[in-house]
2 protein chains.
Amino acid sequence: MDGSLNDRHDGAKMTPSERRREIVNLVMAERTVQLDQLADHFGVSRMTIHRDLDLLEERGLLRKGRGGATAEGSLLFESNFHYRMQTEVAEKRALAKAAGALVEPGNVVMIDDSTTTLMLAEEFESIDFITIITNSLAVCERLRGRPNIHLILTGGTYNDTFQGFYGLVCEQSLAKLRADWAFLSASSVIGTSLYHQDQEVVRMKRALMSSAERSVLLLTHSKFKARALNHFADLSEFDRVFIGAQLDAPAAQRLQQANIAFELV
Amino acid sequence: MDGSLNDRHDGAKMTPSERRREIVNLVMAERTVQLDQLADHFGVSRMTIHRDLDLLEERGLLRKGRGGATAEGSLLFESNFHYRMQTEVAEKRALAKAAGALVEPGNVVMIDDSTTTLMLAEEFESIDFITIITNSLAVCERLRGRPNIHLILTGGTYNDTFQGFYGLVCEQSLAKLRADWAFLSASSVIGTSLYHQDQEVVRMKRALMSSAERSVLLLTHSKFKARALNHFADLSEFDRVFIGAQLDAPAAQRLQQANIAFELV
DNA sequence: AAATGTAACATGTTTTATGTGATAATTGTG
DNA sequence: CACAATTATCACATAAAACATGTTACATTT
């Protein structure tokens, strides 16, 4: 790679937020971008880019420096909730649709804090007499106020990176509740093991699984390329496993050889 | 009362939201309003009033019917969160300022779900190393993401009227936590007794008080005129009581005779 | 038939986004 | 350290988008 941006001055008109989104993608891909290049690339003034970068910095998506911006500590970066929320949207929605079909009126359902399972919330909006238990603030905000939904939040210590609640209060609440289904995701799959970068989240997921009759796992294909620190479960512990169809063939084969039942969507 | 609105066509220009706010007040006062009267009163077209009423109905503040709107079940009405949020703002803020001054860096503080105590959240934004425990979604949303604040939500069953969490999960969480201060409000004061219209809220407030070293009560003067069903505490149980200065003299005297220590702000 | 509700469009208003040029701050260099 | 070059910021003007409103025509209810 030559390090310079592909500067076709897109006649395609973008909204300001589309442009900012694209800036974040570039910063992620290139690791560092020059302010001038961005101005040139999008066909806007330097001042506009300055303002964009100020705004994105405030949201913690990048760090502004003289002449441009960089992706700061990429871990924090990739785990930023709003960022994750906007990646692989179509794939996540498909997974949510497939998994959501399992649930029937009257069921009690637990949802974890992942962006993938957040899409499930939308699926449940139209189901009557459903009880939803979650540690996710995002799920809570999406579902609150709907008269057909009985919403229970676990509570706990708030963590802004995941927009969820964790710790003793959370685990204790889960321990005292019982659900028909638990829907979870993971940050990383290696072999048949699931991982997540945060210990507190791991504890929460364990508590969730042990309080539900059946556990369902939702994985986008990119999870097979990611790496994370803490083991939290094995694929064989789940009753149903849904995986994005873009999963590459070798990975799929390995799962079959390990005798894991899964469904591509 | 002659039932007709006072139709001085206020030259005073209002913003759309001021007008809607005023419509809500009228509906509350008159119990029912005519669309034509409103259009006339505010000097806007019927269509505009239609749109206002549609919007207010969606927010659950009134019910639209042919030719006008009515205050549906006034209990639900008065307890609507967004409505309460906009009444007596100055008085609530003053109370919050006075009560907030009690808290020092490092303290652990519990806040209930009232709109009065929500103002406290703002006071705490600037205090370091503070831990805030609450069952209020509104408090959570105001404070989340601030690095200087350790935020714990009790969790529980969500109630949209109060924008808070209640029930077993909530009480159990509170039981396992311990705070330096609890800040509460009440819906109604009669004699030295405090009342609230909802049982679940009463249980939550009891749990809150018994988990805190010291309890502080915040009351706007209007609480002395309101009525509510369920007793939840006595004024004498509080370590500090702050009351809005508009409290009328007879009520103040009665408190003094009952030997209640309180502070007007 | 009269009254009221809804939809679509045109118009004016407010808010937001952007660019420009002046000025300030920072960096690098001899 | 002075100086030029680069980059940032500020304040204002203007353009674009979003919002609010009224009008008219047509649908619905009483």
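Up top is the structure these notes are about.
Residues numbered from 1 in each chain as written. Chains lettered and ligands numbered in written order. Predicted model: local features only at pLDDT ≥ 70, side-chain atom pairs only at ≥ 80, totals over all residues. Heavy atoms only, no water.

1. Notes on the overall build of chain A
A tally of helices and strands in chain A yields 11 helices and 15 strands. Expected size for 265 residues packed as a compact globule is a radius of gyration near 18 Å; at 20 Å, chain A falls within 12% of this value. Within chain A, buried positions represent 52% of all 265 residues. Restricting to contacts in chain A with at least 6 residues of sequence separation, those with at least 24 account for 63%. Accessible surface computed for chain A: about 12300 Å², of which carbon and sulfur atoms make up 49%. Within chain A, the 35 negative side-chain charges are centred at a point lying 2 Å from the centre of the 30 positive side-chain charges. (Helix = DSSP H or I, 4+ residues; strand = E, 2+ residues; numbered from the N terminus. Rg over C-alpha atoms; globule rule 2.2 N^0.38 Å. Buried < 20%, exposed > 50% of the residue type's maximum accessible area, 1.4 Å probe, protein only. Contact = heavy atoms within 4.5 Å. Areas by Shrake-Rupley, 256 points an atom, 1.4 Å probe, with all protein chains shown as cover. Lys, Arg positive; Asp, Glu negative; His and termini not counted. Charge placed at Lys NZ, Arg CZ, Asp CG, Glu CD.)

2. Side note on the interface of chain A and chain B
Opposite the 22 residues of chain A that make contact, chain B presents 22 residues. Our enumeration of links across chain A and chain B arrives at 2 salt bridges. For the salt bridge of Asp 160 of chain B with Arg 144 of chain A, the shortest nitrogen-to-oxygen distance reads 3.9 Å. Counting across the chain A and chain B interface gives 6 residue pairs in polar contact (both at pLDDT 80 or more). Elements represented by at least two residues in the side of chain A that touches chain B include exactly α8 (137–143), β6 (149–153), β7 (156–159) and α9 (168–175) of chain A. With 4 residues, β6 of chain A is the largest single contributor of residues to the side of chain A that touches chain B. Looking at the side of chain A that touches chain B residue by residue, the class counts come to 9 nonpolar, 9 polar and 4 charged. As defined by bridge partners, β7 of chain A adjoins strand β6 (residues 149–153) of chain B across 2 bridges and the pair is classed as antiparallel. Residue Gly 156 of chain A lies in a different strand from β6 of chain B, and its bridge partner there is Leu 153 of chain B. (Salt bridge = Lys/Arg side-chain N within 4 Å of Asp/Glu carboxyl O. Polar contact = N/O pair within 3.5 Å; in protein donor to acceptor, adjacent residues only side chain to side chain. Nonpolar A, V, L, I, M, F, W, Y, C, P; charged D, E, K, R; others polar. Pairing = 2+ DSSP bridges.)

3. Some remarks on the sheet that holds strand β14 (residues 240–243) of chain B
Whether parallel or antiparallel, the strands of a sheet pair through hydrogen bonds between backbone atoms. The 9 strands are arranged β8(A)-β7(A)-β6(B)-β5(B)-β4(B)-β9(B)-β12(B)-β14(B)-β15(B) in an open sheet whose pairing can be described as mixed. Only two strands of the sheet have a single partner each, and these edge strands are β8 (164–166) of chain A together with β15 (263–264) of chain B. Contacts from helix α6 (residues 89–100) of chain B reach β9 (179–184), β12 (212–219) and β14 of chain B, with the element oriented near 155° to β12 of chain B. (Axes fitted to C-alpha atoms, helices over the stretch in contact; angles between N-to-C directions.)

4. Regarding the relation of the copies chain A and chain B
Take chain A, turn it by 180°, move it 0.0 Å along the axis, and it overlays chain B with an RMSD of 0.4 Å. Such a turn and shift between the copies fits a two-fold axis. Taking C-alpha positions as the reference, the residue of chain A nearest the rotation axis is Gly 155 of chain A, at 1.7 Å. (Least-squares fit on C-alpha atoms with pLDDT ≥ 70 in both.)

5. Things to note about the protein's contact with DNA strand C
Taken together, 18 residues sit near DNA strand C, with Arg 19, Ser 45, Thr 48 and Arg 51 of chain A together with Gly 67 of chain B positioned nearest. Sugar and phosphate atoms form 63% of the subset of DNA strand C atoms that lie within 4 Å of the protein. Here a phosphate oxygen of DNA strand C and a side-chain polar atom of Lys 64 of chain B are 3.2 Å apart. Contacts to DNA strand C include Gly 67 of chain B, whose backbone N or O atom sits 2.7 Å from a phosphate oxygen. If you list the elements that add at least two residues to the surface near DNA strand C, you get α1 (16–30) and α3 (46–58) of chain A together with α2 (35–42), α3 (46–58) and β2 (63–65) of chain B. (Near = heavy atom within 4 Å.)

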